[in-house]
Amino acid sequence: MNALEAAGAPVSRGEWANDLQKAQFEARSRELLRQARAARSHVLSTSHTPGTTPVSPHVAWAQTYENDVVIDWLFEQSR
């Protein structure tokens, strides 16, 4: 993300607990997306609060795949 920013790309960053309920997680996602659109950013970077990813930090992707807001955003992207 730092390299993209250094190259001039606007990056929207968010952080939240990965153990939130689905509705809360998606609300945070909608807010990050709102901020990204306001900044004309197509790069979203989310980090999770340490200690909130179940089992292993490498499993952080699991909740992202269950996040309808992120999936919808992903498939809106084009070159």
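Calculation criteria
- Residues numbered from 1 in each chain as written.
- Predicted model: local features only at pLDDT ≥ 70, side-chain atom pairs only at ≥ 80, totals over all residues.
- Heavy atoms only, no water.
- Helix = DSSP H or I, 4+ residues; strand = E, 2+ residues; numbered from the N terminus.
- Expected span 1.5 Å × (residues − 1).
- Buried < 20%, exposed > 50% of the residue type's maximum accessible area, 1.4 Å probe, protein only.
- Arc of directions from axis to C-beta.
- Phe/Tyr/Trp six-rings, centres within 6.5 Å; stacked < 30°, edge-to-face > 60°.
- Salt bridge = Lys/Arg side-chain N within 4 Å of Asp/Glu carboxyl O.

**What to know about helix 2 (residues 22-38)**
Spanning 17 residues, helix 2 covers 24 Å between terminal C-alpha atoms, matching the ideal 24 Å at 1.5 Å per step. Taken as a whole, helix 2 has its buried residues at Phe 25, Glu 26, Ser 29, Leu 32, Leu 33 and Ala 36. Down the axis of helix 2, the smallest arc covering the buried residues is 115°, so these residues share one side. Opposite its buried face, helix 2 presents the exposed residues Ala 23 and Ala 38, each directed more than 90 degrees away. In the segment just after helix 2, Arg 40 is the residue with positive phi, at about 60°.

**Some points on the packing of aromatic side chains**
For the structure on display, the rule yields one aromatic pair. Summarising the aromatic geometry, the rings of Trp 16 and Phe 25 are spaced 5.6 Å apart at their centres and angled 85° between planes, so their arrangement reads as edge-to-face. With relative accessibility at 3%, the residue Phe 25 sits in the buried group.

**A short note on the pattern of salt bridges**
Taken as a whole and judged by the stated rule, the model has five salt bridges. Across the salt bridge formed by Glu 26 and Lys 22, the nearest N and O atoms sit 3.1 Å from each other. On the criterion of helical spacing, the pair formed by Glu 26 and Lys 22 is a turn pair, its members being four residues apart in helix 2. Residue Lys 22 is classed as partly exposed on the basis of its relative accessible area of 43%. For Glu 31, the salt bridge is made with Arg 34, and the minimal N-O distance between the two is 2.7 Å. Here Glu 31 and its partner Arg 34 are both found in helix 2, three residues apart, which amounts to about one turn of the helix. The network of salt bridges with shared partners includes Lys 22, Glu 26 and Asp 68.

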